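One letter stands for each residue in the lines below.
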Amino acid sequence: MLEKLVKTISPYHRCVVLTGAGISAESGVPTFRGKEGLWGKFKPEELATMSAFMANPEVVWEWYNWRRELMENVEPNPGHWAISEMEKWFDEFTLITQNVDGLHRLARTRHIIELHGNIYRNKCADCNQSFEIKDDIDPNNIPRCDKCEGKIRPDVVWFGEMLDSRIIDEAFYQSEHADVFFSVGTSAVVHPAASLPLVAKNHGAVVVEVNIEETPITYLADFHIPSKSGEFLPELIKELKKIDSEG
Ligand code: OAD
């Protein structure tokens, strides 16, 4: 499978990689779905919606402080680093991530589209103004926007919220123009992100899925790699670099 995939792709291809929580699982960040997933233990409607924030902002902040703390103590894994190597190998490369953990940035990938925001950023719940607040937010004393007095919330996309149109438009544009599209560690059930592999396929891209399980997009993938991303992607980049050295 690896040999066939390596023969199929070329450095002149436009490569797009879509990642989900599975790429960070080997760093110790919990995924959302599956037996150990966050949504098996917590109710998204109580923690990740605007109405939950309006009803119980302190509970929502406690949860995000816990997740921030968890993410601050983890490091990129070989899957994140391999993606950064892929960015150097392909002439044109875009990473689209649903993750809010910032691990791709720590692994020095440069062209990143963050579809669902970033857990380390904050914004005003009323006027959307961004806020750089380095310290933890005190759930019992939530800071207010200096423009409109709205409460400060994490700058992540919650259920029922629209994605920033410029960001999702860019993600669709890149997917439509991809020659090779990797879907890595995502259950491919949350739209619009889950539509991107389909769009890429419909525009002629070779679609490669790296996921320990099958997903709703497995049927359309030209290659389904049933491996951990932190194991398979370093193998792949090693093989791709051999092509360079062999000329
Ligand atoms: P999920 O938790 O839904 O899916 C994680 C996927 O990663 C599953 O398909 C696993 O099989 C796979 N997986 C786990 N470990 C892996 C590994 N080591 N290597 C490869 N694959 C592995 O996470 P997402 O698809 O990212 O949205 O979820 C999408 C969105 O749903 C999230 O961005 C979040 C959530 O609600 C928002 O917060 C808006």
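Report on the accompanying structure. (Residues numbered from 1 in each chain as written. Predicted model: local features only at pLDDT ≥ 70, side-chain atom pairs only at ≥ 80, totals over all residues. Heavy atoms only, no water.)

**Re the pairing of strand β6 (residues 152–156)**
For step 1, the next point in the chain: For β6, the tally of buried residues reaches five of five residues, placing the bulk of the element in the interior.
For step 2, the next point in the chain: In this structure, strand β4 (residues 117–124) lies alongside β6, joined through four bridges in antiparallel fashion. In the sheet register, Gly117 faces β6, and the bridge partner there is Val156. (Buried < 20%, exposed > 50% of the residue type's maximum accessible area, 1.4 Å probe, protein only. Helix = DSSP H or I, 4+ residues; strand = E, 2+ residues; numbered from the N terminus. Pairing = 2+ DSSP bridges.)

**Re the sheet that holds β4**
For step 1, the next point in the chain: On the basis of which strands lie adjacent, the open sheet formed by three strands has the order β5-β4-β6 and antiparallel pairing. At either end of the open sheet lies a strand with only one pairing partner, and these are β5 (130–131) and β6.
For step 2, the next point in the chain: The sheet contact formed by β4 and β5 spans two bridges and is antiparallel. Directly across from Asn122, in β5, lies its bridge partner Phe131.

**Focus on the nonpolar core**
For step 1, the next point in the chain: Ranked by internal contacts, the top residues of the largest apolar core, which has 27 residues, are Val17, Met86, Phe182, Val208, Leu233 and Leu236.
For step 2, the next point in the chain: Where this core is concerned, the elements lending two or more residues are α1 (2–8), β1 (14–19), α7 (78–89), β2 (92–97), β7 (180–184), β8 (206–210), β9 (223–225) and α11 (229–246).
For step 3, the next point in the chain: The contacts of Leu233, once residues within four sequence positions are left out, are Ile23, Gly79, Ala82, Ile83, Met86, Val184 and Val210.
For step 4, the next point in the chain: Grouped together as the second largest cluster of nonpolar side chains are 21 residues, Val29, Leu38, Val60 and Val156 included. (Core = buried A, V, L, I, M, F, W, Y, C linked by side-chain atoms within 4.5 Å. Contact = heavy atoms within 4.5 Å.)

**Some points on the site of the ligand**
For step 1, the next point in the chain: In the region of the ligand, 23 residues are neighbours, and Phe32, Arg33, Thr186, Ser187 and Asn211 sit closest.
For step 2, the next point in the chain: Between a nitrogen atom of the ligand and a side-chain N or O atom of Glu26, the distance comes to 2.8 Å.
For step 3, the next point in the chain: Between His116 and the ligand, the recorded distance is 2.8 Å, taken from a side-chain N or O atom to an oxygen atom.
For step 4, the next point in the chain: Here the ligand loses 92% of its free accessible area of 800 Å² to cover by the protein chains.
For step 5, the next point in the chain: A class-by-class count of the residues in the shell around the ligand yields eight nonpolar, eleven polar and four charged. (Near = heavy atom within 4 Å. Polar contact = N/O pair within 3.5 Å; in protein donor to acceptor, adjacent residues only side chain to side chain. Areas by Shrake-Rupley, 256 points an atom, 1.4 Å probe, with all protein chains shown as cover. Nonpolar A, V, L, I, M, F, W, Y, C, P; charged D, E, K, R; others polar.)

**Let's talk about the pattern of salt bridges**
For step 1, the next point in the chain: Under the definition given, this model contains 13 salt bridges.
For step 2, the next point in the chain: For Glu114, the salt bridge is made with Arg121, and the minimal N-O distance between the two is 3.5 Å.
For step 3, the next point in the chain: The residue Asp222 makes a salt bridge to Lys201 at a minimum N-O spacing of 3.0 Å. A residue pair is termed long-range when its members are at least 10 positions apart, and Asp222 in the loop between β8 and β9 and Lys201 in helix α10 (residues 196–202) qualify at 21 residues.
For step 4, the next point in the chain: Judged by its relative accessible area of 29%, Lys201 falls in the partly exposed class.
For step 5, the next point in the chain: Via salt bridges that share partners, Arg105, Glu114, Arg121, Lys123 and Asp155 belong to a single interconnected network. (Salt bridge = Lys/Arg side-chain N within 4 Å of Asp/Glu carboxyl O.)

**A closer look at the packing of aromatic side chains**
For step 1, the next point in the chain: Enumeration according to the criterion identifies nine aromatic pairs in this entry.
For step 2, the next point in the chain: Centre to centre, the rings of Phe53 and Trp158 are 5.6 Å apart; their planes meet at 40°, and the pair counts as tilted. Remark: Trp158 occurs in the loop between β6 and α9 (165–176) and Phe53 occurs in helix α5 (residues 50–55); sequence separation between them is 105 residues. For the pair formed by Phe53 and Trp158, the shared burial category is buried. (Phe/Tyr/Trp six-rings, centres within 6.5 Å; stacked < 30°, edge-to-face > 60°.)

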